[in-house]
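# Understanding the architecture of this molecule
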Amino acid sequence: MITVSTYNTNEVWENLYKQIFINKETKIQNSRLGETLELMKVCISIENSRDRWICSRIPMISPAFAIAEIFWILSGSEDSSFINTWNPTMKNFLGNSDIYDGAYGYRLIHNLGYNQIYKVYEILKYNPDSRQAVLQIWDGKKDLPLNDGIPNNLDIPCNLISMLKIRNNKLDWSQIMRGNDFFRGMPYNFIQFTTLQEIIAGWLNLDIGEYFYFTDSLHVYKSDLEKFSLRGKNILSENPDKLLFSKNEFDKFFPKCIEILKKVQEFNIKEIDIVNLKNCILIPQEYKNLLSIPLAYLALKDNKINLVKDCERLCSNSLLLEIWMFWKKEWLQLKEVLELFHSQQE
C-alpha cells in the first residue's frame, strides 16, 4: 500500500508523480485502452482540502471545465451537451450520446429515487455522531460488466462511495475509488469532491476537516507519458474564498447560477450576461468568482476578447485568476501552433 499525507492536493500530486516513476511497486498493467503504469492500493490524507487546485501538471488543468463540472454535478444532470461545452473531448472517452450514464450528479441526486446529498445532510444535522452518512455512486445493475467481461458502456464511474463524518466540529470526507487516471482524472476528482465537502460543511455550520482518498488502482496510460509532465514548483497562492453558506442561502442562489450557465451554454455569451451576473445581488461574490471562469472560457472560444477581460475583472479570487491565466496562455499557444500547421497543409 502507498500512503501519502500532505497539506494540500498539489503536494499530493507532486509526491505521487515521482512515486509512479521511481517506486519499485509500480507495475505495467494492461487495460482496455492500452498499457498503463500502475500503483495499487493508494491511500491519501489531505489536511487542507480547500487548497484543491493542482497547479503542477503541465499542461494546466482547465479551470472552466472543473468549475462547470461542479455545477453540473450539483444540479443532478446527466446531460452531455452541457458539460461537453466546456470539455469537447469528453465524448472521445465517454461516447457521443445525449447523456453520460455515469454522471456523478445524476447518480447522487436521482439514481436511487431520492437526493442522497440532502439525505446525508439531514442525517448529520440531526445526528452529528452518525457513521452511516454514505453517498453511493456505484450501481451494480448498471456498472458491472457483461458476462463476457465487456463493459456495459463507456462511462463507468471510477468513484464508488463517499463517507462523511463529523469529527472535532469539522466535516471529514473519505472518497473510495476503483481506479483513477493520474493525469486526466485525479486533478478534477479532487476539485469535485472537496468542493462538495466544503458546501455540505457550510450547510452544517462546520468548517472542512480532512479529506481522505483511497484508490485500488492509480494509473498512467503509457500513451499519455509524452503529453503530461511536472511543472516543478507551486506557482499558486492559497484559495481565499470559502463556500461555507447555509443550506437556506445555497438553495436561494444556486438555481440562479445554473440558470446563468445554461443560458450562455445554449445561446452563446453576450455582454448582458456578464452585466447581469455582476449586478445579481442574490449570488455571493464567491460564486460569482467561480462562474466568471466558465463564462470567460466561452468568450475566449468565440474570440470575444473584451468579454474575456470583463469576466476576468469580475473575478476577485486571485487563485482562480492565476490558474485561468496560465491555462489561457497555454491554450492560445496551442491554438497558434495548430493554426500554423493547418495553414501549411493548405
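Below is a short write-up of the structure. Since this is a predicted model, take the numbers as computed values, not measurements.

## Some thoughts on the overall build of the protein chain
- The helix and strand inventory of the protein chain stands at 13 helices and 10 strands.
- Relative to the compact-globule value of 20 Å for 346 residues, the protein chain shows a C-alpha radius of gyration of 20 Å, a close match.
- Expressed along its principal axes, the backbone C-alpha trace of the protein chain runs to roughly 55 × 50 × 40 Å.
- Looking at the protein chain residue by residue over its 346 residues, the buried ones come to 52%.
- Restricting to contacts in the protein chain with at least 6 residues of sequence separation, those with at least 24 account for 72%.
- Entry remark: accessible area of the protein chain is about 16,500 Å², with carbon and sulfur atoms responsible for 52%.
- Positive and negative charge centroids in the protein chain, built from 40 and 43 side chains respectively, lie 1 Å apart.

## Quick look at the state of the cysteines
- Within this structure, the stated rule accounts for zero disulfides.
- Lacking any disulfide linkage, C55 is separated from the closest cysteine sulfur, that of C315, by 16 Å.

## Considerations on the side chain of R52
- Among the structural elements, R52 can be located in the loop between β3 (36-46) and β4 (57-58).
- Residue class for R52 comes out buried when judged on its relative accessible area of 3%.

## Digging into the pattern of salt bridges
- All chains considered together, the criterion is met by 15 salt bridges.
- The partner of K247 in a salt bridge is D251, and the shortest N-O contact between them spans 2.7 Å. Of the two residues, K247 and D251 are both situated in helix α9 (residues 247-267); the distance of four residues between them amounts to about one turn of the helix.
- The closest approach of N and O atoms between R313 and D310, which form a salt bridge, is 2.5 Å. Placement of both R313 and D310 in helix α12 (residues 305-314) is noted, with a separation of three residues, approximately one turn of the helix.
- Given a relative accessible area of 60%, R313 falls into the exposed group.

## Here we look at the packing of α9 against helix α11 (residues 285-301)
- The geometry of α9 relative to α11 is characterised by a closest axis approach of 11 Å and an angle of 5° between their N-to-C directions. Viewed along their axes, α9 and α11 adopt a mutual orientation that is roughly parallel. From α9, F250, F253, C257, I260, L261, V264 and Q265 reach across to α11, where they touch Y287, L291, P294, L295 and L298.

## Regarding the packing of aromatic side chains
- Under the defined criterion, the tally for this structure stands at 28 aromatic pairs.
- Summarising the aromatic geometry, the rings of W13 and Y17 are spaced 5.6 Å apart at their centres and angled 35° between planes, so their arrangement reads as tilted. Of this pair, W13 and Y17 both sit in helix α1 (residues 9-22), four residues apart, which is roughly one turn of that helix.
- Relative accessible area serves as the criterion here: at 15%, Y17 is assigned to the buried category.
- Summarising the aromatic geometry, the rings of F245 and F253 are spaced 5.5 Å apart at their centres and angled 80° between planes, so their arrangement reads as edge-to-face.

## Observations regarding the layout of surface pockets
- Of the voids in this model, the second largest pocket is the one considered here, and its volume is about 150 Å³.
- Lining the second largest pocket are L74, S75, G76, I109, N115, I117, Y118, W203, F250, D251, F254 and P255.
- When contributions to the lining of the second largest pocket are tallied by element, the ones reaching two or more residues are α6 (116-126) and α9.
- The class makeup of the residues in the lining of the second largest pocket is eight nonpolar, three polar and one charged.

## Digging into the packing of α6 against helix α8 (residues 186-203)
- The N-to-C vectors of α6 and α8 enclose an angle of 45°; their axes lie 10 Å apart at closest approach. By the angle class used here, α6 and α8 are oblique. When the axes of α6 and α8 are compared, the crossing they make is right-handed. Residues I117, Y118 and Y121 of α6 touch α8, and the partners they reach there are L196, I200 and W203.
- Here the contact of α6 with α8 is built from residues that sort into six nonpolar, no polar and no charged.

## Quick word on the pairing of strand β7 (residues 170-177)
- Pairing analysis gives eight bridges linking strand β6 (residues 159-167) to β7, with the strands arranged antiparallel. The residue bridging N159 from the neighbouring strand is M177, located in β7.
- What sits between the antiparallel neighbours β6 and β7 is a turn of two residues, in which N168 has the positive phi angle 55°.
- Pairing analysis gives seven bridges linking β7 to strand β9 (residues 207-221), with the strands arranged parallel. Along β9, the bridge assignment pairs M177 with T215.

Conventions used here
Within each chain, residue numbers correspond to sequence positions counted from 1 in written order. Per-residue local features of the predicted model are confined to residues with pLDDT of at least 70, and side-chain atom pairs are confined, for both listing and counting, to 80 or more; whole-chain, interface and lining totals are unaffected and use all residues. Think of the side-chain values as coming from all heavy atoms in the structure, minus any hydrogens and water. Each helix is a run of DSSP H or I of at least 4 residues and each strand a run of E of at least 2, with the numbering of both proceeding from the N terminus. C-alpha atoms define the radius of gyration, and 2.2 Å times the number of residues to the power 0.38 defines the globule rule. We call a residue buried when its accessible area falls under 20% of the maximum for its residue type, exposed when it is over 50%, and partly exposed in between, using a 1.4 Å probe and counting protein chains only. Here a residue-residue contact requires only that any non-hydrogen atoms of the pair lie within 4.5 Å. Each accessible area value is a Shrake-Rupley result obtained with a 1.4 Å probe; residue values ignore everything except the protein chains displayed when judging cover. Charged residues are defined narrowly, with Lys and Arg counted positive, Asp and Glu counted negative, and His plus the chain ends left uncounted. For the purpose of locating charges, the reference atoms are NZ of Lys, CZ of Arg, CG of Asp and CD of Glu. Disulfides are defined as cysteine sulfur pairs within 2.5 Å. Here, a salt bridge means any Lys or Arg side-chain nitrogen found within 4 Å of an Asp or Glu carboxyl oxygen. Only the stretch in contact is used when fitting a helix axis, every axis being a line fitted to C-alpha atoms; angles between N-to-C directions are given from 0 to 180 degrees. Throughout this description, any angle smaller than 35 degrees is read as roughly parallel, any larger than 145 degrees as roughly antiparallel, any in the 65 to 115 degree range as roughly perpendicular, and the remainder as oblique. A pair of Phe, Tyr and Trp rings is counted when the ring centres sit within 6.5 Å of each other, with Trp represented by its six-membered ring. The angle between the planes then sorts it: under 30 degrees is stacked, over 60 is edge-to-face, the rest tilted. Using a 1 Å grid laid over the protein atoms alone, points where a 1.4 Å probe fits but cannot get out form a cavity; open sets with protein on both sides within 12 Å along at least 5 of 7 lines form a pocket; any residue with an atom within 4 Å of a point counts as lining. Grid points are joined across faces, edges and corners, and a volume is the space filled by probe spheres set on the points. Residue type decides the class: Asp, Glu, Lys and Arg count as charged, Ala, Val, Leu, Ile, Met, Phe, Trp, Tyr, Cys and Pro as nonpolar, and the leftover types, Gly among them, as polar. Handedness of each helix crossing follows the sense of rotation of the near helix against the far helix: counterclockwise by less than a right angle gives left-handed, clockwise gives right-handed. Note on pairing: two strands pair once DSSP finds at least 2 bridges between them.

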